[in-house]
Amino acid sequence: MRFSLFAVLSVGCSTAALAEDTSPFPAGENAALVKKTCTECHGASVVVSAQFDEKLARKQYKLFVGDPDSEEGQKVVKYLTTYLGPR
């Protein structure tokens, strides 16, 4: 019985670790949300190779997802401008 419980816990931990993998997105607050949101339609490389100022981030969010003033929209826009802003 111990082995079975260990196997279940190991699989659960591995799944949780994979769910938190935000690569190739830069680590930061809401990276997992942005990865999930943006990679539903785009390859990650398309997003991480771009440079987002506030205007572009809001425009892209509105075009592909919805209201950039929503709670989620604000989080995504903030992440894009903070971690993928002009270099």
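The structure we're discussing is the one just above.
Because the structure is predicted, anything quoted here is derived from the model rather than measured.

A. Focus on the packing of aromatic side chains. Counted according to the given criterion, the structure contains 1 aromatic pair. Between tyrosine 79 and tyrosine 83 the ring centres are 4.8 Å apart and the planes differ by 35°, which places this aromatic pair in the tilted class. Here tyrosine 83 and tyrosine 79 lie together in helix α5 (residues 71-83), a separation of 4 residues that amounts to about one turn. On the basis of relative accessibility, which here comes to 1%, the residue tyrosine 79 falls in the buried class. A residue is classified by how much of its surface remains accessible, and tyrosine 83, at 35% relative accessible area, is partly exposed.

B. Structural view of the side chain of threonine 22. Mapped onto the secondary structure, threonine 22 falls in the loop between α1 (2-19) and α2 (31-38). Residues within four places of threonine 22 in sequence aside, it is in contact with Ala31, Ala32 and Lys35.

C. Spatial organisation of the pattern of salt bridges. Scanning all chains against the criterion turns up 3 salt bridges. Across the salt bridge formed by glutamate 40 and lysine 36, the nearest N and O atoms sit 3.5 Å from each other. Arginine 58 serves as the salt-bridge partner of aspartate 69, at 3.0 Å between the closest nitrogen and oxygen. In this pair, aspartate 69 is assigned in the loop between α4 (54-64) and α5 and arginine 58 in helix α4, connecting sequence segments 11 residues apart. Classification of aspartate 69 as partly exposed rests on a relative accessible area of 43%.

Rules used in this analysis
- Residues numbered from 1 in each chain as written.
- Predicted model: local features only at pLDDT ≥ 70, side-chain atom pairs only at ≥ 80, totals over all residues.
- Heavy atoms only, no water.
- Phe/Tyr/Trp six-rings, centres within 6.5 Å; stacked < 30°, edge-to-face > 60°.
- Helix = DSSP H or I, 4+ residues; strand = E, 2+ residues; numbered from the N terminus.
- Buried < 20%, exposed > 50% of the residue type's maximum accessible area, 1.4 Å probe, protein only.
- Contact = heavy atoms within 4.5 Å.
- Salt bridge = Lys/Arg side-chain N within 4 Å of Asp/Glu carboxyl O.

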